[in-house]
Amino acid sequence: MNLDIQPNGTILIVDDNSANLGVLSDALSQEGFEVRVAKSGKMALERVKYALPDLILLDVMMPEIDGFETCRRLQANPETKHIPIIFMTALSDTANKVEGFKLGAVDYITKPFQQEEVLARVKLHLKLHVLAEKLEEKNTLLEQKVREVSHAYDDLQQMQLKLIQSEKMSGLGQMAAGIAHEINNPINFISGNLGYAQEYAHNLLKIIHLYQEDYVNPTPRIQAAMDEIELDFVEEDFIKVLNSINLGTQRIQEIVKSMRIFSRLDEAEVKAVNIHEGIDSTLTILHHRLKAKPEHPEIEIIKKYSQLPPVECHAGQLNQVFMNIISNAIDALDESNQHRSFAEIKQHPNRIQISTKVIDDNWVAIHISDNGRGVVETLQPKIFDPFFTTKPIGKGTGLGLSISYQIIVEKHGGRLYCQPGLGKGIEFVIEIPIRQQACKAA
């Protein structure tokens, strides 16, 4: 790269001595430089307003505004602070030179000066100035490339998260829908025939009662059989068994319905849905993690539902948000339980509270909180960052809350944030618009 200085730069000479101005002007002009002159610091400051020079030769000792003050003002101006300034002075003491360098001068020329020295120093500092400008350009280009690479990396990471979310939702939704479909047929068969079974049982018991009324004294053989099977107990318990089967069947049908609601595979991408059904379906899927275990009592679910209108949303993805947040709450409670005995947990039971409300007539809010150990305040700003997790190694990927944030903010134009819960624990707040079209229009 050729960095030779071409003789087309502009030099501003500032000196109250006309002889010095003449000598320097002639020498620099003969080298091909464009020369401008000013006989005072005040005049120099005016000149630079109209045309910026490439370098300034500045006399120190001048009336009104000396060279030091002139330099100070040039350095204070963003437009002139990058212009190289070479002081010209008869002062050769170190203190004055240090003062000049502190103010931003790049060099000193001591009077009386030699023309060759002036030309050499001017060319040197113009070359350094060109190098500095090119370096700044390179740094700017490098910073731009770094931003582009960083942006591309962020885009790639976001794409990976979306792919993970898509695969996760697709796999979970298909599994839930498949299980629901497989269970639905046999349970409908059982439910459909259970009514007949109950009717037949009542009819058979009715016939037995008629026999008992008409044949008060059964034969020894019949009496022995009645005693052996405990007919009175069987008669009483048979109806209870049928009722228990009926309740169990209804429970399975509720689970199947919850799995269908959770998967939402057969519905439009955006549809007005009952938010509470989605939350309840999620709790049904997670019921096995909420119930009592040998190491701790059941986790209590407190629901404080308000009257909500149907909300336009991506129902399956919104249910995934509920799944991620409630699962994290259960994990937090499990972790806090490791430091407490069964009796302590029973005295201060684990709770997850879910409340809903309408805000501003156009938005709904879902609050999900737990009474676990909470999250350190300094870590809360990072909680939605991709791959950030407070769980032990192998217990979490750090994607659940990041994906949830994307679903709420990007997909629904909503807000997702966390705040300290009541007492201990943490509370997640989901806010989404009731109508997606209104949100997009806004």
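Everything below is about the structure shown above.
Quantities reported herein were computed from a predicted structural model and do not represent experimental measurements. (Residues numbered from 1 in each chain as written. Predicted model: local features only at pLDDT ≥ 70, side-chain atom pairs only at ≥ 80, totals over all residues. Heavy atoms only, no water.)

Student: I'd like to hear about the overall build of the protein, residue by residue, with values.
Tutor: Counting its regular elements, the protein contains 13 helices and 12 strands. Per-residue burial over the protein gives 36% buried out of 442 residues. A separation threshold of at least 6 residues defines the contact pool for the protein, and within that pool the share at least 24 residues apart is 68%. Accessible area of the protein: about 26,100 Å², with a carbon and sulfur share of 55%. (Helix = DSSP H or I, 4+ residues; strand = E, 2+ residues; numbered from the N terminus. Buried < 20%, exposed > 50% of the residue type's maximum accessible area, 1.4 Å probe, protein only. Contact = heavy atoms within 4.5 Å. Areas by Shrake-Rupley, 256 points an atom, 1.4 Å probe, with all protein chains shown as cover.)

Student: I'd like to hear about a negative patch on the surface, residue by residue, with values.
Tutor: Together, Asp-54, Glu-133, Glu-136 and Glu-137 make up a negatively charged patch on the protein surface. Counting through the fold element by element, Glu-136 comes out in helix 5 (residues 115-214). (Patch = residues over 30% accessible without salt bridge, like charges linked within 9 Å, V, L, I, M, F, W, Y side chains within 5 Å. Salt bridge = Lys/Arg side-chain N within 4 Å of Asp/Glu carboxyl O. Lys, Arg positive; Asp, Glu negative; His and termini not counted. Charge placed at Lys NZ, Arg CZ, Asp CG, Glu CD.)

Student: Explain the packing of helix 8 (residues 275-285) against helix 10 (residues 315-337) residue by residue, including any values.
Tutor: Running from N to C, helix 8 and helix 10 point in directions that differ by 45°, and their axes come no closer than 9 Å. Regarding the angle of helix 8 to helix 10, the classification is oblique. You can see that helix 8 and helix 10 cross each other, and the crossing is right-handed. Taking contact as the criterion, the partners of Ile-275, Gly-278, Ile-279, Ser-281, Thr-282, Leu-283 and Ile-285 in helix 8 are, on helix 10, Leu-318, Asn-319, Phe-322, Met-323 and Ile-326. When grouped by side-chain class, the residues that make up the contact of helix 8 with helix 10 number eight nonpolar, four polar and no charged. (Axes fitted to C-alpha atoms, helices over the stretch in contact; angles between N-to-C directions. Parallel < 35°, antiparallel > 145°, perpendicular 65-115°, else oblique. Left-handed = near helix turned anticlockwise from the far one by under 90°. Nonpolar A, V, L, I, M, F, W, Y, C, P; charged D, E, K, R; others polar.)

Student: Before we move on, can you summarise the nonpolar core with the specific residues and values?
Tutor: Ile-352, Ile-366 and Ile-430 are the most contacted members of the largest nonpolar core, which totals 38 residues. Listing elements by their share of this core, those giving two or more residues are helix 8, strand 8 (311-313), helix 10, strand 9 (351-359), strand 10 (363-370), helix 12 (400-411), strand 11 (415-420) and strand 12 (426-433). With 10 residues, the single largest contributor to this core is helix 10. Leave out the neighbours within four places in its chain, and Ile-430 touches Val-321, Phe-322, Ile-325, Val-364, Ala-365, Ile-366, Ile-408, Arg-415 and Leu-416. By size, the runner-up hydrophobic cluster in this structure holds 20 residues, among which are Leu-12, Val-60, Ile-65 and Ala-105. (Core = buried A, V, L, I, M, F, W, Y, C linked by side-chain atoms within 4.5 Å.)

Student: Can you explain unusual backbone geometry? Please cite residues and give values.
Tutor: The phi dihedral of Glu-230 falls on the positive side, at around 55°, and the residue is not glycine. By the element assignment, Glu-230 lies in the loop between helix 6 (220-229) and helix 7 (231-263). With a phi angle near 60°, Asp-360 is a residue other than glycine that sits in the positive phi range. Counting through the fold element by element, Asp-360 comes out in the loop between strand 9 and strand 10.

Student: Mind laying out the environment of Gln-320, listing which residues take part and the relevant values?
Tutor: Within the element layout of this structure, Gln-320 appears in helix 10. Classification of Gln-320 by relative accessible area gives buried; the value is 1%. Expressed as a C-alpha distance, the spacing of Gln-320 and Ile-403, which sit 83 residues apart in the sequence, is 9.2 Å.

Student: Please set out the packing of aromatic side chains residue by residue, giving values where relevant.
Tutor: Evaluation of the coordinates by the stated rule reveals five aromatic pairs. Pairwise contacts between aromatic rings join Phe-68, Phe-87, Phe-101 and Tyr-108 into one cluster. In this structure, Arg-415 packs its charged tip against the face of Trp-363, placed 4.2 Å from the ring centre. (Phe/Tyr/Trp six-rings, centres within 6.5 Å; stacked < 30°, edge-to-face > 60°. Lys NZ or Arg CZ within 6 Å of the ring centre and 35° of its normal.)

Student: Help me get a handle on the pairing of strand 12, residues and values and all.
Tutor: Counted residue by residue, strand 12 has eight buried out of eight residues, so it is predominantly covered. Note that strand 10 and strand 12 share seven bridges and pair antiparallel. Bridge pairing in strand 12 links Ile-368 to Phe-428. Two elements, strand 11 and strand 12, share six bridges in a ladder whose sense is antiparallel. Of the residues in strand 12, the one forming a bridge with Gln-419 is Glu-427. (Pairing = 2+ DSSP bridges.)

Student: Outline the packing of helix 2 (residues 41-50) against helix 3 (residues 67-76), supporting the account with residue identities and numerical values.
Tutor: To describe two helices that pack against each other, one gives the angle between their axes and the distance between the axes. Between helix 2 and helix 3, the shortest axis-to-axis distance is 9 Å and the interhelical angle comes to 20°. The orientation of helix 2 with respect to helix 3, classified from their angle, is roughly parallel. Relative to helix 3, helix 2 is oriented so that their crossing is right-handed. Between helix 2, through Gly-41, Leu-45 and Val-48, and helix 3, the contact on the second element is made entirely by Thr-70, Arg-73 and Leu-74. A breakdown of the residues in the contact of helix 2 with helix 3 according to their chemical character gives three nonpolar, two polar and one charged.

Student: I'd love a proper account of helix 4 (residues 94-103), names of residues and values included.
Tutor: Of all the residues in helix 4, the buried ones are Asn-96, Gly-100 and Leu-103. Looking straight down helix 4, one finds that the buried residues subtend no more than 65° of arc, so they occupy a single side. Facing away from the buried surface of helix 4 by more than 90 degrees, the exposed residues are Thr-94, Ala-95 and Lys-102. Where the residues of helix 4 are buried, they touch helix 3, strand 4 (85-89) and strand 5 (107-110). Within two residues after helix 4, Gly-104 carries a phi angle of roughly 120°, on the positive side. (Arc of directions from axis to C-beta.)

Student: Can you explain the sheet that holds strand 1 (residues 10-14)? Please cite residues and give values.
Tutor: Read across the sheet, five strands follow the order 2-1-3-4-5 without closing on themselves; strand pairing throughout is parallel. In this open sheet, the two edge strands, each paired with only one partner strand, are strand 2 (34-38) and strand 5. Each strand axis lies, on average, 20° off the axis of its neighbour in the sheet, ignoring direction. Pairing of strand 3 (residues 55-59) with strand 4, which is carried by four bridges, proceeds in the parallel orientation. Counted as the bridge partner of Ile-56 is Ile-85 from strand 4. Against the sheet, helix 4 makes contact with strand 4 and strand 5, and its axis sits at roughly 140° relative to strand 5, the strand it touches most.

Student: I'd like a rundown of a nonpolar patch on the surface, residues and numbers included.
Tutor: Residues Phe-189, Ile-190, Ile-229, Phe-233, Val-234, Phe-238, Val-241 and Ile-245 make up a contiguous nonpolar surface patch of about 710 Å² in total accessible area. Among the elements that make up the nonpolar patch, the one with the highest residue count is helix 7 (five residues). Relative to the helices and strands, Phe-238 resides in helix 7. Assessed through its relative accessible area of 36%, Phe-238 is described here as partly exposed.

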